[in-house]
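Close look at the chain arrangement
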Amino acid sequence: MNSMPIVVITGSSRGIGAATARLFAKNGYAVCINYRANEEAALEVQKEIKKLGARCIVVQADVSREDEVVRLFEAVDKKLGRLDVLINNAGILMQQSRLEDLDAERINKLLITNVTSCFICSREAVKRMSTKHSGEGGAIVNVSSVAATLGAPNEYTDYAATKGAIDTLTRGLAVEVAGEGIRVNGVRPGIIDTEIHADGGEPGRVHRLASAIPIQRGGTAEEVAQGIYWLASNEASYATGAIIDLTGGR
Ligand code: NAP
């Protein structure tokens with residue numbers, strides 16, 4: 001690792017990604033914040049991080065587009081230096097729907113945003129971190145969802161399936177690069193209090209489901225960030241291919 005290690009967090013202008021960016025910065029990382037559209041939110045996170053005295057760049061890039069992912073990693077090479085950690089966090093869901101109302105356009109948009117993006121970002125990270133490519137190793141953490149195991153019936157089966165694919169990527173890539181100095185792990189958050197639920201058409205979803213969660217509340221972005229940070233840190237040096245459920249028991 002660099003003396004000031006470098007982390008790229010996709011989708012870190014808001015929610016879990018933003019909380020993760022703040023936590024890495026507090027722990028001495030130089031941070032690349034990435035966002036797709038909300039520049040104002042991204043710049044606000046950058047401002048907070050700079051107040052902590054950490055280095056921080058902001059790069060707009062739609063991670064569902066291969067050319068933009070390549071540009072994102074080139075910006076990190078140029079402006080921060082050699083990458084140590086990638087957090088594949090950016091993700092979307094869409095209006096709650098039963099399967100018979102889904103169409104291919106929607107499903108494909110979810111697939112490229114939630115799955116293809118993680119493959120291409122991981123590819124760029126492995127090229128930089130793998131000892132096979134003269135790198136110095138590193139860590140990747142994928143943000144999945146407990147929806148991968150529950151299937152999200154009547155609401156988001158397509159979203160849930162994208163997260164199932166992420167869990168498979170985590171296992172496969174972990175073994176592929178385990179001998180090359182790179183650890184690959186994942187977190188599966190449950191219901192976390194962020195703005196993503198509004199995109200599904202139910203901004204109050206966390207409140208509605210709180211009593212069905214054994215711990216009796218939704219989680220916070222900061223609680224998920226702690227799990228992500230631990231998996232990326234040297235404290236988790238023997239963890240690879242692991243996926244931690246952060247669900248309040250659900
Ligand atoms: P959020 O509050 O809606 O934030 C999403 C972030 O991703 C924003 O920074 C957004 O950027 C960015 N983003 C979206 N599409 C992008 C793209 N194509 N390229 C680059 N950035 C993009 O979501 P969140 O709740 O923090 O979710 C973060 C991750 O956790 C997602 O993968 C989600 O599936 C997962 N998750 C969330 C929950 C939950 O209950 N919240 C539960 C399980 C898993 P802009 O600000 O520019 O739009």
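Numbering of residues starts from 1 in every chain and runs along the sequence as written. In keeping with the model being predicted, local features are shown solely for residues with a pLDDT of at least 70 and side-chain atom pairs are shown and tallied solely at 80 or more, while totals for entire chains, interfaces and linings include all residues. Water and hydrogen atoms play no part in the side-chain values, which are based on all heavy atoms of the structure.

Here's the deal with the sheet that holds strand 6 (residues 182-189)
Taken in spatial order, the seven strands line up as 3-2-1-4-5-6-7 in an open sheet, and their pairing is parallel. Edge positions in the sheet fall to strand 3 (56-60) and strand 7 (243-246), since each has one partner strand and no second. The mean angle between the axes of side-by-side strands here comes to 15°, regardless of whether they run parallel or antiparallel. As paired elements, strand 1 (residues 6-9) and strand 4 (residues 85-88) share three bridges and run parallel to each other. The residue of strand 4 that forms the bridge with Ile 9 is Ile 87. On the sheet, helix 1 (residues 15-26) packs against strand 1, strand 2 (30-35), strand 4 and strand 6 and is oriented at approximately 170° with respect to strand 1. Any two residues whose heavy atoms approach within 4.5 Å at even a single point are treated as in contact. Helix axes use the C-alpha atoms of the stretch in contact, all axes being lines fitted to C-alpha atoms, and the angles between their N-to-C directions lie in the range 0 to 180 degrees. Strands are runs of DSSP state E lasting at least two residues, helices are runs of H or I lasting at least four, and both sets are numbered from the N terminus onward. Packing of helix 9 (residues 221-232) onto the sheet brings it into contact with strand 4, strand 5 (138-143), strand 6 and strand 7, and relative to strand 6 it is tilted by some 165°. Pairing between strands is defined by DSSP: at least two bridges between them are needed.

Focus on the site of the ligand
In the neighbourhood of the ligand, 32 residues make up the surrounding shell, with Ser 13, Ala 37, Asn 89, Tyr 159 and Thr 194 lying closest. We call two N or O atoms a polar contact when they sit within 3.5 Å, provided that within protein one can donate a hydrogen and the other can accept it, with sequence-adjacent residues counted only if both atoms are side-chain atoms. At 3.3 Å, a backbone N or O of Gly 11 approaches an oxygen atom of the ligand. The backbone of Ala 37 places a nitrogen or oxygen atom 2.6 Å from an oxygen atom of the ligand. Taken by itself the ligand offers 900 Å² of open surface, and the protein chains cover 97% of this. If you list the elements that add at least two residues to the shell around the ligand, you get helix 1, strand 2, helix 6 (157-177) and helix 7 (196-199). Throughout this entry, Asp, Glu, Lys and Arg are counted as charged residues, while Ala, Val, Leu, Ile, Met, Phe, Trp, Tyr, Cys and Pro are counted as nonpolar. The remaining residues, Gly among them, count as polar. Grouping the constituent residues of the shell around the ligand by class yields 13 nonpolar, 14 polar and five charged. By convention in this text, a residue qualifies as near a molecule or strand provided that one of its non-hydrogen atoms is within 4 Å of it. Accessible surface is estimated by sampling points in the Shrake-Rupley manner with a 1.4 Å probe; for residues, cover comes only from the protein chains shown.

So, unusual backbone geometry
Most of the time, phi is negative for any residue but glycine, and the peptide bond is trans. Backbone geometry places Ala 152, a non-glycine residue, at a positive phi of 50°. Here Ala 152 is to be found in the loop between helix 5 (147-150) and helix 6. With a relative accessible area of 12%, Ala 152 lands in the buried category. Even without being a glycine, Asn 154 presents a positive backbone phi close to 70°. Structurally, Asn 154 is set in the loop between helix 5 and helix 6. Only protein chains enter the calculation, and the probe is 1.4 Å; a residue is then buried if its accessible area is under 20% of its type maximum, exposed if over 50%, and partly exposed in between.

Examining helix 3 (residues 66-79)
Along an α-helix, a turn takes 3.6 residues, which lines up residues three or four apart on a common side. The end-to-end C-alpha distance of helix 3 is 20 Å, a good match for the 20 Å that 14 residues give at a rise of 1.5 Å each. Of the positions making up helix 3, those classed as buried are Glu 68, Val 69, Leu 72, Phe 73, Ala 75 and Val 76. Taken around the axis of helix 3, the buried residues stretch over an arc of 150°, which confines them to a single face. Taken together, the buried residues of helix 3 touch strand 1, strand 2, strand 3, strand 4 and helix 4 (104-129). After helix 3 finishes, the residue Gly 81 shows a positive phi value of roughly 125°. In this scheme, a helix's expected span is set at 1.5 Å multiplied by one less than its residue total. Throughout, the arc means the angular range of directions from the helix axis out to the C-beta atoms.

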